[in-house]
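Take a look at the letters that make up each chain.
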Amino acid sequence: MDKQKNKSNMWGVVGASASGTLIEWYDFFIFGSMASILSEKFFPHTNPSAAFLSILATFGAGFVVRPFGGIIFGRLGDMIGRKYTFMVTLLLMGVSTCLIGLVPEYETIGYLAPLLVLLLRLLQGLALGGEYGGAATYVAEHSKKGTRGFWTSWIQTSASIGMLISLAVIFITRHSMSPENFDAWGWRIPFWASIFMIYISYVIRRRMSESPAFAKAKSEGATSKNPLKESFGNRYNLKFVLLALFGPVIAQGVVWYTGHFYAMNFMENTMAVDSGQVITIMAVALLLGSPFYTLFGWLSDKIGRKLVLMAGMLLAILCFRPIYKSMYETTDLTKKTELTSKSTATAELYQTESTLDSIYTTQKFYDDGTVLKEVTTVDLGQSGASKMEEDKKIVSTTKAITVPSSAKWKLIFLVFIQIVFGTLTYSPLAAFLVELFPVRIRYTSFSVPYNVGIGIMGGLLPAVSVFLVTNARKMGDPAFYLQGLWYPIVLAAISLLITMIYITKKMTALHTE
Amino acid sequence: MNALRRIFGVIWILFAIVCAYFLSTFGVPKFTSGTREGIVFGIIILFILMPLTVAGLAVFGYYSIMGEYDENKMIEK
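Conventions and cut-offs
Residues numbered from 1 in each chain as written. Chains lettered and ligands numbered in written order. Predicted model: local features only at pLDDT ≥ 70, side-chain atom pairs only at ≥ 80, totals over all residues. Helix = DSSP H or I, 4+ residues; strand = E, 2+ residues; numbered from the N terminus. Rg over C-alpha atoms; globule rule 2.2 N^0.38 Å. Buried ≥ 20, exposed ≤ 12 C-beta atoms within 10 Å, placed from the backbone. Contact = placed C-beta atoms within 7 Å. pLDDT = per-residue confidence, 0-100. Axes fitted to C-alpha atoms, helices over the stretch in contact; angles between N-to-C directions. Parallel < 35°, antiparallel > 145°, perpendicular 65-115°, else oblique. Nonpolar A, V, L, I, M, F, W, Y, C, P; charged D, E, K, R; others polar. Core = buried A, V, L, I, M, F, W, Y, C linked by C-beta atoms within 7 Å. Domains from an automatic or database assignment. Left-handed = near helix turned anticlockwise from the far one by under 90°. Expected span 1.5 Å × (residues − 1). Bend = angle between axes of the 7 residues up to and from the residue. Pairing = 2+ DSSP bridges. Arc of directions from axis to C-beta.

Colleague: Give a description of the overall build of chain B that names residues and reports values.
Modeller: Scanning chain B from terminus to terminus reveals two helices and zero strands. Since a compact globule built from 77 residues should have a radius of gyration of about 11 Å, the 17 Å found for chain B marks it as more spread out than a globular shape. For chain B, the spread of C-alpha atoms along the principal axes amounts to about 50 × 25 × 15 Å. Taking all 77 residues of chain B together, 26% fall into the buried category.

Given below as structure tokens:
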């Protein structure tokens, strides 16, 4: 009877924690997914200062602020408690997101608009930096020995589901109104929706009690007076912080980011797959991959965290290049036969406020069902005279490849495999980190390496990869598109070596309280 | 295994030096590119990522050489 009650209580704890984390991820991703429209409304490229604030919002919140969130909220969580701290992060995230949806556009209030959005985005980054460590610690401290991997893996699932929900909400909002309405005010709805979700999660979390391990430490006066000093000023703890960072955390950051974001960017930009198809491919792969979090979390309770973590790193190192080679070949038009008789070309005029544009659309069909659509917009000037021969008058050229069903499923499978690698490296991570640090400094010691490894090392993946690809292309490397993968592969290889040599069975069960 | 951990300590310190070189060659051109995006990105590479990686790896290597990761030092005394 007690066992049954404990289990039902654990579902309550997991539900309250994971739902809040999921909503925080939703809030964080919604900004990224709406980046182009936000840029248009708040950070016009024609204004250099506003564009500069946009760069700060992207880099600042994604990379720099998250570890600070870990420091600030980790310290609070170790001093006043897990429950109150992760309720603060939840509210901070919800209010910031909702307010982004309320900020008037640049055209209405000028510079104040991008400044306010930047500030709110930085607050989002701070909240996210403090959230995950708190939720994972809270769940782990409620779980019984030998079940932590399974229970904390639900928190990990929330990141993928949060991303999925953000894509779904944008998709539904966009398709439930006219493009003009969406552009005018509809884009704000996904931001406003956050406040309702946050409120529900807040009410659920408020009813929960403090974690038993922290409550016990507090009643015994065993909590830390200065968690930062104890975590990073004490050689015994610092060595574990460094080991966690250079061991499994960095690997998780780069492997997870590769499967989730690099794959999406690769399909959209390098392979030029139609963005609607990319969303579908990602959504299906995420849905299929998400159950593996709990499977591998459970497995880590049975066979140990180390083996599961190492399996994820090794598979990613060995398979990333063949996977991306196969993905690239799916839309490699040089290996397909064009059905020239089916090709179409159209031209239409489009009147903007000041000029007249001509839009040329060509469609090419291939023997396997692939369709290439190219849209070229040419500025005809005020006179309307054709300037097609002058390259500089071409305003933009977009290319979108629509793949046939078989190729779509192949891509879903290839992304799904990468998501599974991510689940292998992510599922046991929270339990591993929790067991590495004592209750008194757990929130701080957990949050800082986690946010540095994932926020900074993982967050820099797209930029470093683009740098590597660009260099390879300049040098005439025919496989230039694969060179960006060296960043996650090398980092995962270093992490694998460190995990293999330095992490011992004794270490993974240092603190089971 | 303890001996291997200590030997690898030297490798991590050497690797910290390699990272410093690689991140400089990556970050300095960005920092001096003159574009706003390049400057912000250069600052992140040179003043956030590089110190964390280089100092972190060097300290990790030093602790390894000093035997901090030996089996008998896992439990706090």
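Colleague: Any details on the overall build of chain A? Residues and values, ideally.
Modeller: In terms of helices and strands, chain A carries 20 helices and four strands. At 24 Å, chain A has a C-alpha radius of gyration in line with the 24 Å of a compact globule built from 513 residues. For chain A, long-range pairs separated by at least 24 residues make up 81% of all intrachain contacts whose partners lie at least 6 apart in sequence.

Colleague: Describe the confidence of the model for chain B, and please don't skip the residues or the numbers.
Modeller: Here chain B averages 89 in pLDDT, while 97% of its residues score no lower than 70. On the interface metric, ipTM, the complex scores 0.93, and its pTM is 0.88.

Colleague: Explain the packing of helix α12 (residues 235-270) of chain A against helix α17 (residues 429-436) of chain A to me, and be specific about the residues and the numbers.
Modeller: All names here are of chain A. The N-to-C vectors of α12 and α17 enclose an angle of 180°; their axes lie 11 Å apart at closest approach. As judged from the angle between their axes, α12 and α17 are roughly antiparallel. Of the residues in α17, those in contact with F240, A244, P248 and Q252 of α12 are L429, F432, L433 and L436. Each residue belonging to the contact of α12 with α17 can be placed in one class, and the counts come to seven nonpolar, one polar and no charged.

Colleague: Help me get a handle on unusual backbone geometry, residues and values and all.
Modeller: Phi angles above zero are rare outside glycine, and A272(A) is one such case at about 60°. On the secondary structure map, A272(A) appears in the loop between α12 and α13 (275-289).

Colleague: Describe the nonpolar core, and please don't skip the residues or the numbers.
Modeller: All names here are of chain A. Counting residues in each nonpolar core, the largest one holds 155 residues, and the members touching the most others are V254, L433 and A492. Among the elements that make up this core, the one with the highest residue count is α12 (19 residues). Per-domain counts for this core show at least three residues from each of domain 1 (1-223) and domain 2 (235-331 + 405-513). Among residues more than four places away in sequence, those in contact with V254 are M457, G458, L461, Y487, P488, L491 and A492.

Colleague: Can you break down the packing of helix α6 (residues 112-142) of chain A against helix α18 (residues 442-458) of chain A residue by residue, with the values?
Modeller: Residue and element names in this part refer to chain A. Where α6 contacts α18, the two axes come as close as 9 Å, and the packing angle between them is 130°. Relative to α18, α6 is oriented oblique. The way α6 lies across α18 gives a crossing that is right-handed. Only R442, Y443, F446, S447, Y450 and N451 of α18 make contact with α6, whose side of the interface consists of G129, G130, Y132, G133, G134, A136 and T137. Residues belonging to the contact of α6 with α18 are distributed by class as follows: five nonpolar, seven polar and one charged.

Colleague: Quick one: what's the story with the domain arrangement of chain A, residue by residue and with numbers?
Modeller: Residues and elements named next belong to chain A. Here chain A is described as being made up of domain 1 (1-223), domain 2 (235-331 + 405-513) and domain 3 (340-402). At the junction of the two partners, domain 1 supplies 44 residues and domain 2 supplies 39 residues. Elements represented by at least two residues in the side of domain 1 that touches domain 2 include exactly α3 (48-79), α6, α7 (148-175) and α10 (212-219). Here the side of domain 1 that touches domain 2 takes 15 residues from α7, the largest share from any one element.

Colleague: Let's hear about the interface of chain B and chain A: which residues, and what values?
Modeller: Counting from both sides, the interface comprises 22 residues of chain B and, opposite them, 24 residues of chain A. Only α1 (2-31) and α2 (36-65) of chain B provide two or more residues apiece to the side of chain B that touches chain A. With 13 residues, α2(B) is the largest single contributor of residues to the side of chain B that touches chain A. Class assignment for the residues of the side of chain B that touches chain A results in 15 nonpolar, one polar and six charged.

Colleague: Go over α2(B) with me, naming the residues and quoting the values.
Modeller: All names here are of chain B. Taking 1.5 Å of rise per residue, 30 residues should cover 44 Å, and α2 covers 42 Å from first to last C-alpha, within 8% of that figure. Approximately 40° is the largest bend angle found in α2, and it occurs at M50, with the proline P51 only one to four residues beyond. Among the residues of α2, those classed as buried are F41, I44, I45, L49, T53, G56, L57, F60, G61, Y63 and S64.

Colleague: Tell me what's going on with the environment of A263(A), and back it up with residues and numbers.
Modeller: All names here are of chain A. Position of A263 relative to the elements: it lies in helix α12. As for A263 and M282, which are separated by 19 residues in sequence, their C-alpha atoms are 8.6 Å apart. A263 has contacts with T258, V415 and Q418, leaving out every residue within four places of it along the chain.

Colleague: An account of the pairing of strand β3 (residues 371-379) of chain A is needed here, citing residue identities and associated values.
Modeller: Pairing of strand β2 (residues 356-365) of chain A with β3(A) involves nine bridges; the strand directions are antiparallel. The residue bridging F365(A) from the neighbouring strand is V371(A), located in β3(A).

Colleague: Account for α13(A), with residues named and values stated.
Modeller: All names here are of chain A. End to end, α13 covers 21 Å across 15 residues, agreeing with the expected 21 Å (1.5 Å per residue, within 8%). For α13, the full list of buried residues reads V278, I281, M282, A285, L286 and G289. Viewed end-on, α13 has its buried residues packed into an arc of 125°, placing them on one side of the element. As for α13, its buried residues are in contact with α7, α12, α14 (291-303) and α16 (405-426).

Colleague: Any chance you could break down the pairing of strand β1 (residues 344-351) of chain A for me, citing the residues and the numbers?
Modeller: All names here are of chain A. Among the eight residues that make up β1, zero are buried, leaving the element largely open to the surroundings. Where β1 meets β2, eight bridges bridge the pair, whose relative direction is antiparallel. Along β2, the bridge assignment pairs Q351 with L356.

Colleague: Give me the environment of R205(A): which residues, what numbers.
Modeller: All names here are of chain A. Tracing the backbone through its elements, the reader meets R205 in helix α9 (residues 189-206). Residue R205 is classed as buried on the basis of its C-beta count, with 21 C-beta atoms lying within 10 Å. Sequence-wise, R205 and A272 are 67 residues apart; in three dimensions their C-alpha atoms are separated by 43 Å. Those residues in contact with R205, other than ones at most four positions away along the chain, are A16, G20, M87 and L90.

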